[in-house]
Amino acid sequence: MGTTETPSEGANRLDRRLLLERLSSYWLVGAGLFAVALFGLIVLTLVQQSIPIVSEYSLFQMMTSSNWDPAADEFGFLPAIVGTIYVTVLSMAMGTPLAILAAIYIAEYAEGRTKMLVSSFIDVLAAIPSVIFGLVGLIVVVPFVGDYLAPAVGAHSIGLGIVTVSLVMAIIVTPFMISLSVESLEALPDELRESSLGVGATKWETIRTVLLRAAGPGIFSAILLGFGRVFGATIVPAMLIGGQTAIPESPFDAGETLPTLIVNDFGELMSIPLTQSALILVGLMLLVIVWLFNFGAMLVRRRLQRRWQY
Amino acid sequence: MSNDIALRTDDLEVTYTGNREVTAVDGVSTEFAENKLTAIIGPSGCGKSTLLKALNRLHEIQPNAEITGEVYLGDEAIYDTDDPLPEIRRRVGYVPQTPTALPLSIYNNVAYGAKIHGDHSSEELDDLVESYLRKVNLWDEVKDRLDDPGAELSTGQVQRLCLARSLAVEPEVLLCDEVTSALDPISAEQVEETLEDLKEEYTIVMVTHSMDQAKRLADDVIFLYLGELVEANDTRSFFENPQHERTQEFVKGHTAVDYDDEPDEESVTDEQPVATR
């Protein structure tokens, strides 16, 4: 405070500060509303653009038909839906256990330089753009699946296909899930470890019964974010899935996912209005499913947080 | 201290070798009498908690902690031993400073250790949970909500729950790290009453900041200053007739902590920040 300030100057100063205070709250509310409005606008656009196709064909019919042939006015999403479910389930089934085990190792077992090396390596892995994984997948994973993995389990594969995409997507999301899970484990207070070890539990018992529960909601979120990434993945499936518009008979077959359906067709077919509308409907479905999933996950997370609070 | 000795340290030294080497416990040789409550007192950062944790090797979860010397539980060494670590920690229980419920139900918080160490029928477990909750004067408050998460109890209740959990594995010695410092006065009093009851049956070693608490509860007192043992005596003699000059100052309330002498505070675990969720 300036010592030479007269009372009226002081009052002016206060007025200005209060004005700024009021204005700043407006800006912040505005910024928040803008984000909400953006979301609303996107949904509205998608809905509005989907109307032509929905008024022409029933949603149920499109979702259960396996024939996608816009030139013949056939819009069946089923192969893409099946492909998306396949890829998501397979990648998560491969990635999740690995992510949790690796996170436990880094957070609870690794020490000193090893820990630093492993965790920074994983952070680097998580930061690699997916298109690079796609390229490496083409060179390494495609021949591996086509020449070794598929024959080994008695299946036939051209190399491109659902299993290939799932493998590469698992490699992409696992480091990401590891990082977030490690953070949740490391944020736990040492008292939890001391309390459990202090009654004679082993380290593994402590991890399994105490730490994994206490960090459970955080790990759950990590897995969910991984899920979201796989579900919405576009570039890697587009490069490696083989672009087959038929229901895959085995996971080793080529197929398509909802995002690849959009990217593969939108270039040449946006000119036909009904196709454009169909693709936008696919986009809307993606959005709604992700949203529903996040909402459900929030409820589950809340339950876990209550059940496993510490 | 003519009674039987439950726990004894021999030239115990704990050093943290971080960026800067700090000796938190410096050549402490002392004894803890059976079925008595021994208070470890001293100014902040003097190594009280480190000494306590070294008594059941809990400091080993910190990286960079090095130890020399030995601790004897009865006649058995706990460092130079083939006994597995979990068994040592079962026999020497530990209750942390921050009241910490495990992410389990109230029932399973108490049954946790017992389930690990033995096969119990569900009736046996029910009895065990009830008897230990009664022992810490918590049963009447929680008997209708045993399946609720332990963390939904009040802080004071959680601290008594921690005591019940530790006692349920039938330890020979119970280590308590400032177990009332995070509690409001009423809860603290309840925990003190519980400790008062327990010291008939258990050997308790308690770290405390509070001289009044040591006077009220302890049978024996150990005074640590900068990691070194200054004086150990029965409570009455310790407060009425302190031998050492440093003790006299501390007891008078002129704690006379020369903060310049204090070890690097970040390296001494005595004053770890209370972890947030």
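Residues numbered from 1 in each chain as written. Chains lettered and ligands numbered in written order. Predicted model: local features only at pLDDT ≥ 70, side-chain atom pairs only at ≥ 80, totals over all residues. Heavy atoms only, no water.

*Asks:* So, the overall build of chain B: which residues are in play, and what are the values?
*Replies:* Each helix and strand counted, chain B has ten helices and ten strands in total. By the burial criterion, 54% of the 277 residues in chain B qualify as buried. Contacts in chain B between residues at least 24 apart in sequence constitute 68% of all its contacts with a sequence separation of at least 6. Roughly 11900 Å² of accessible area belongs to chain B as shown, and the carbon and sulfur atoms make up 39% of that amount. (Helix = DSSP H or I, 4+ residues; strand = E, 2+ residues; numbered from the N terminus. Buried < 20%, exposed > 50% of the residue type's maximum accessible area, 1.4 Å probe, protein only. Contact = heavy atoms within 4.5 Å. Areas by Shrake-Rupley, 256 points an atom, 1.4 Å probe, with all protein chains shown as cover.)

*Asks:* Outline the UniProt feature "transmembrane region" (unreviewed entry) in chain A, listing residues and values.
*Replies:* Residue and element names in this part refer to chain A. According to UniProt, the feature "transmembrane region" (unreviewed entry) maps to residues 26-47, 77-106, 118-146, 158-178, 218-241 and 278-300 in the numbering used here. Across residues 77-106, the secondary structure splits into 97% helix and 0% strand, with the terminal C-alpha atoms separated by 42 Å. Note that residues 158-178 is 81% helix and 0% strand, and that its end C-alpha atoms are spaced 32 Å apart. (UniProt positions renumbered as here; feature names shortened; annotations may be inferred.)

*Asks:* I'd like to hear about the packing of aromatic side chains, residue by residue, with values.
*Replies:* A full pass over the atoms with the stated rule returns nine aromatic pairs over all chains. Arranged with centres 5.6 Å apart and planes meeting at 75 degrees, the rings of Trp68(A) and Phe75(A) form a pair that is edge-to-face. Ring centres of Phe238(B) and Phe239(B) lie 5.1 Å apart, and the angle between their planes is 80 degrees; this geometry places the pair in the edge-to-face category. Across this residue pair, the class does not change: Phe238(B) and Phe239(B) are buried. An aromatic cluster is present here, built from Tyr57(A), Trp68(A), Phe75(A) and Phe77(A) joined pairwise through their rings. (Phe/Tyr/Trp six-rings, centres within 6.5 Å; stacked < 30°, edge-to-face > 60°.)

*Asks:* Could you give an account of the UniProt feature "domain: ABC transporter" (unreviewed entry) in chain B, naming the residues involved and the relevant values?
*Replies:* Under the UniProt annotation, the feature "domain: ABC transporter" (unreviewed entry) is placed at residues 7-251 of chain B. For residues 7-251 of chain B, helix accounts for 37% and strand for 27%, while the C-alpha atoms at its two ends are 26 Å apart.

*Asks:* Tell me about the interface of chain B and chain A, and please be specific about residues and values.
*Replies:* Of the residues lining the interface, 33 residues belong to chain B; the matching set on chain A comes to 26 residues. Together chain B and chain A conceal approximately 2500 Å² of surface at their shared face, both sides included; 59% is due to carbon and sulfur atoms. The partner of Lys53(B) in a salt bridge is Glu194(A), and the shortest N-O contact between them spans 2.7 Å. At the surface where chain B touches chain A, the tally comes to eight residue pairs in polar contact (both at pLDDT 80 or more). Mapped by element, the contributors of at least two residues to the side of chain B that touches chain A are helix H2 (85-91), strand S6 (92-95), helix H3 (106-117) and helix H6 (155-167) of chain B. The element best represented in the side of chain B that touches chain A is H3(B), accounting for four residues. When grouped by side-chain class, the residues that make up the side of chain B that touches chain A number 16 nonpolar, ten polar and seven charged. (Buried area = accessible area lost by both parts, 1.4 Å probe. Salt bridge = Lys/Arg side-chain N within 4 Å of Asp/Glu carboxyl O. Polar contact = N/O pair within 3.5 Å; in protein donor to acceptor, adjacent residues only side chain to side chain. Nonpolar A, V, L, I, M, F, W, Y, C, P; charged D, E, K, R; others polar.)

*Asks:* Explain the domain arrangement of chain A to me, using residue names and the numbers behind them.
*Replies:* All names here are of chain A. Each assigned domain of chain A is listed here: domain 1 (7-56) and domain 2 (68-307). Relative placement of domain 1 and domain 2: their C-alpha centres are 34 Å apart. Every contact between the two is made by eleven residues of domain 1 and, on the other side, eleven residues of domain 2. Taking both sides of the interface into account, the surface hidden between domain 1 and domain 2 amounts to around 880 Å²; carbon and sulfur atoms contribute 81%. Among the residues domain 1 hides against domain 2, the three largest losses belong to Leu46, Gln49 and Ile53. Together they make up 56% of the total. Run the count over domain 1 and domain 2 and you get zero salt bridges. Counting the contacts that link domain 1 with domain 2 gives three residue pairs in polar contact (both at pLDDT 80 or more). When the residues that make up the side of domain 1 that touches domain 2 are grouped by side-chain class, the tally is eight nonpolar, two polar and one charged. (Domains from an automatic or database assignment.)

*Asks:* Give me the packing of helix H7 (residues 190-197) of chain A against helix H8 (residues 203-214) of chain A: which residues, what numbers.
*Replies:* All names here are of chain A. Running from N to C, H7 and H8 point in directions that differ by 140 degrees, and their axes come no closer than 10 Å. Considering the angle they form, H7 stands oblique to H8. For the pair H7 and H8, the crossing hand works out as right-handed. Contacts between H7 and H8 involve Leu192, Arg193, Ser196 and Leu197 from the former and Lys203, Thr206, Val210, Leu211 and Ala214 from the latter. (Axes fitted to C-alpha atoms, helices over the stretch in contact; angles between N-to-C directions. Parallel < 35°, antiparallel > 145°, perpendicular 65-115°, else oblique. Left-handed = near helix turned anticlockwise from the far one by under 90°.)

*Asks:* Tell me about a negative patch on the surface, and please be specific about residues and values.
*Replies:* Residues and elements named next belong to chain A. Taken together, the side chains of Glu56, Asp69, Asp73 and Glu74 make up a negatively charged region of the molecular surface. Within the secondary structure, Asp69 is located in strand S1 (residues 68-69). Look at Asp69 and you get partly exposed, because its relative accessible area is 33%. (Patch = residues over 30% accessible without salt bridge, like charges linked within 9 Å, V, L, I, M, F, W, Y side chains within 5 Å. Lys, Arg positive; Asp, Glu negative; His and termini not counted. Charge placed at Lys NZ, Arg CZ, Asp CG, Glu CD.)

*Asks:* Go over the pattern of salt bridges with me, naming the residues and quoting the values.
*Replies:* All names here are of chain B. This structure, assessed with the given rule, holds 19 salt bridges over all chains. Measuring nitrogen to oxygen at the nearest pair gives 3.2 Å for the salt bridge that ties Arg90 to Glu87. Residue Arg90 and its partner Glu87 are both found in helix H2; the two are separated by three residues, about one turn of the helix. By relative accessible area, Arg90 is classed as buried at 17%. Judged by its relative accessible area of 27%, Glu87 is partly exposed. Note that Arg160 is salt-bridged to Glu141, the shortest N-O span being 3.0 Å. In this pair, Arg160 is assigned in helix H6 and Glu141 in helix H5 (residues 139-142), connecting sequence segments 19 residues apart. Residue class for Arg160 comes out buried when judged on its relative accessible area of 2%.

*Asks:* How would you sum up a nonpolar patch on the surface? Please name residues and give values.
*Replies:* Residue and element names in this part refer to chain A. A contiguous nonpolar surface patch, about 670 Å² in accessible area, is contributed by Val131, Ile132, Leu135, Val136, Leu138, Ile139, Val140 and Ile235. The greatest single-element share of the nonpolar patch, amounting to seven residues, is contributed by helix H5 (residues 130-152). Note that Ile235 resides in helix H10 (residues 235-240). Of the residues examined, Ile235 reaches a relative accessible area of 39% and is grouped as partly exposed.

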